[in-house]
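# Summary of structural features
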Amino acid sequence: MKFGVVIFPGSNCDYDSFHVLKRILKAETVFLFHKEDSLQNCDAIVLPGGFSYGDYLRTGSIARFTPIMQEVIAFAINGGIVIGICNGFQILCESNLLPGVLIKNENLRFKCFDTFLRVENNKTSFTKNFHSNEVVKFPIAHGDGCYFTEEETLVSLEKNEQILLKYCDRHGNITPDSNPNGSVANIAGICNEKKNVFGLMPHPERCSESILGSTDGIKIFESIFNNN
Amino acid sequence: MFLAKIFITRRRSILDPQGKAVELGIKSIGLENISDVRIDKYIELKINDSVYASAVQSIEKVCNDLLANSHLEDFTYELIEL
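Residues numbered from 1 in each chain as written. Chains lettered and ligands numbered in written order. Predicted model: local features only at pLDDT ≥ 70, side-chain atom pairs only at ≥ 80, totals over all residues. Heavy atoms only, no water.

### Regarding the sheet that holds strand 7 (residues 135–142) of chain A
All names here are of chain A. Just so we agree on the cut-off: A pair of strands is labelled paired if DSSP reports no fewer than 2 bridges between them. Segments assigned H or I by DSSP are reported as helices when at least four residues long, segments assigned E as strands when at least two residues long, and all are numbered from the N terminus. Between N-to-C directions, angles cover 0 to 180 degrees, with each direction set by a line fitted to C-alpha atoms, over the stretch in contact for helices.
Read across the sheet, nine strands follow the order 2-1-3-4-11-10-9-6-7 without closing on themselves; strand pairing throughout is mixed. With partners counted over all chains shown, the strands left at the sheet margins are strand 2 (28–33) and strand 7, one partner each. Across the sheet, the mean angle separating the axes of adjacent strands is 25° when strand polarity is ignored. Where strand 4 (residues 81–85) and strand 11 (residues 197–200) come together, four bridges link them in parallel fashion. Across the sheet, the residue bridging to Val-82 is Val-197, located in strand 11.

Here you go:
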């Protein structure tokens, strides 16, 4: 299986993602530059974290119109596996590949620390290597990480089991105190209806090696690698 | 040629962090009579078109596709023939 990591001007987690895929997971991995108009026959695409195009206008809004994103959007619509992490999640929402939008954190502060997450659905290409309701620890680092959508969309997300990760306490309880940014329903990560596009604010690539204090994140990449 | 003056306004139900921060600043200089500070976006651009109707089409497209996010923002504009 071949992974492609997209580089936008302002991406800053691109090399972290590449490192985990290529050296830890030992998967064939290439970089895809934002001006390219080919996915180089990749089987899965990673949109990494960072500040694409300086986050000017809105987070992720300008990246959507790059040549590479036209390819990623077509690939995703045809069922291709796409994961967006942090700024990548914002880009997926702006591209209408995922519903909703990421707005400024509720208390206006940039949040950078470990969060506990509960795996809400372990039957997708991104979460198969987790147990049902498993509690994991991923770091977050974002200012615009508050997931927002209207009630109607939230109901359909719940109904279609598109919510894959929720912020929780260390015991797996979904509480207001464990929500770092004010996201509706403590949402940390969602997928599309077809379950082939996944966006999450926490950073699995920053907790995929024991030297970093946790290896919980590698299970996301292993799920993709082993099950597709 | 038209000049478009576009106003992107954040929906009232969505938190406006810049407005909130400025409101705190206003309070800190002692002006308690000012409230509801909103900071929105004003964008100017030129449309190289001589037909009003197609200029409107262009501006609606750029606002809907790029400049405003319909989850968060509304837009209004003025079109001035140059």
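### Describing the side chain of Asp-49 of chain B
Residue and element names in this part refer to chain B. Heads up, the condition is: Working definition: with a 1.4 Å probe on protein chains only, accessible area under 20% of the residue-type maximum means buried, over 50% means exposed, and in between means partly exposed. By the counting rule applied here, Lys and Arg register as positive and Asp and Glu as negative, while His and the ends of each chain are not counted. One side-chain nitrogen of Lys or Arg within 4 Å of one carboxyl oxygen of Asp or Glu is enough to make a salt bridge. Any pair of nitrogen or oxygen atoms within 3.5 Å is treated as a polar contact; in protein, a donor-acceptor pairing is required on top of that, and neighbouring residues in sequence qualify only through side-chain atoms on both sides.
Positionally, Asp-49 belongs in the loop between strand 2 (41–47) and helix 2 (52–67). No salt bridge is formed by the buried Asp-49. Its closest oppositely charged neighbour is Lys-61, at 14 Å. Within polar-contact distance, the side chain of Asp-49 engages the backbone nitrogen of Val-51 at 2.9 Å.

### A word on helix 2 of chain B
Residues and elements named next belong to chain B. Condition: Relevant arc is that of directions from the helix axis to the C-beta atoms, nothing else. Contacts are assigned to residue pairs that have any heavy atoms within 4.5 Å of one another.
Of all the positions in helix 2, only Ala-55, Val-56, Ile-59, Cys-63 and Leu-67 are classed as buried. One side of helix 2 carries all its buried residues, which in axial view fall inside an arc of 105°. In helix 2, the exposed positions angled more than 90 degrees off the buried face are occupied by Ala-53, Gln-57 and Lys-61. The inward-facing, buried residues of helix 2 abut strand 1 (2–10), strand 2 and strand 3 (73–81).

### A short note on unusual backbone geometry
Residue and element names in this part refer to chain A. For Glu-161, which is not glycine, the phi torsion reads 55° and is therefore positive. You can call Glu-161 partly exposed: its relative accessible area is 44%. The phi dihedral of Ala-185 is positive, around 55°, even though this residue is not glycine. Secondary-structure assignment places Ala-185 in the loop between strand 9 (163–168) and strand 10 (187–191). Exposure remark for Ala-185: the relative accessible area of 29% places this residue in the partly exposed category.

### Here's the deal with the interface of chain B and chain A
It is common to give the size of an interface as the accessible area that goes away when the parts come together. Applied cut-off: Accessible-area loss on putting two parts together, using a 1.4 Å probe and summing over both, is the definition of buried area adopted here.
Contacts between chain B and chain A engage 13 residues on the former and 16 residues on the latter. Overall, the association of chain B and chain A removes approximately 1200 Å² of surface from exposure, summing both partners, and the carbon and sulfur fraction of that is 64%. Summed over the shared surface of chain B and chain A, the result is one salt bridge. One salt bridge connects Glu-73 of chain B with Arg-58 of chain A, and the closest N-O pair in it is separated by 3.5 Å. On inspection of chain B and its partner chain A, the count reaches five residue pairs in polar contact (both at pLDDT 80 or more). If you list the elements that add at least two residues to the side of chain B that touches chain A, you get strand 2 and helix 2 of chain B.

### Some remarks on the sheet that holds strand 3 of chain B
Residue and element names in this part refer to chain B. Pairing within the open sheet is antiparallel, and its three strands lie in the order 2-1-3. The sheet terminates laterally at strand 2 and strand 3, the two strands that pair on one side only. Along the sheet, successive strands turn relative to each other by an average axial angle of 20°, direction set aside. The pairing of strand 1 with strand 3 spans nine bridges and is classified as antiparallel. The residue bridging Lys-5 from the neighbouring strand is Glu-78, located in strand 3. Against the sheet, helix 2 contacts strand 1, strand 2 and strand 3, and its axis sits at roughly 150° relative to strand 3.

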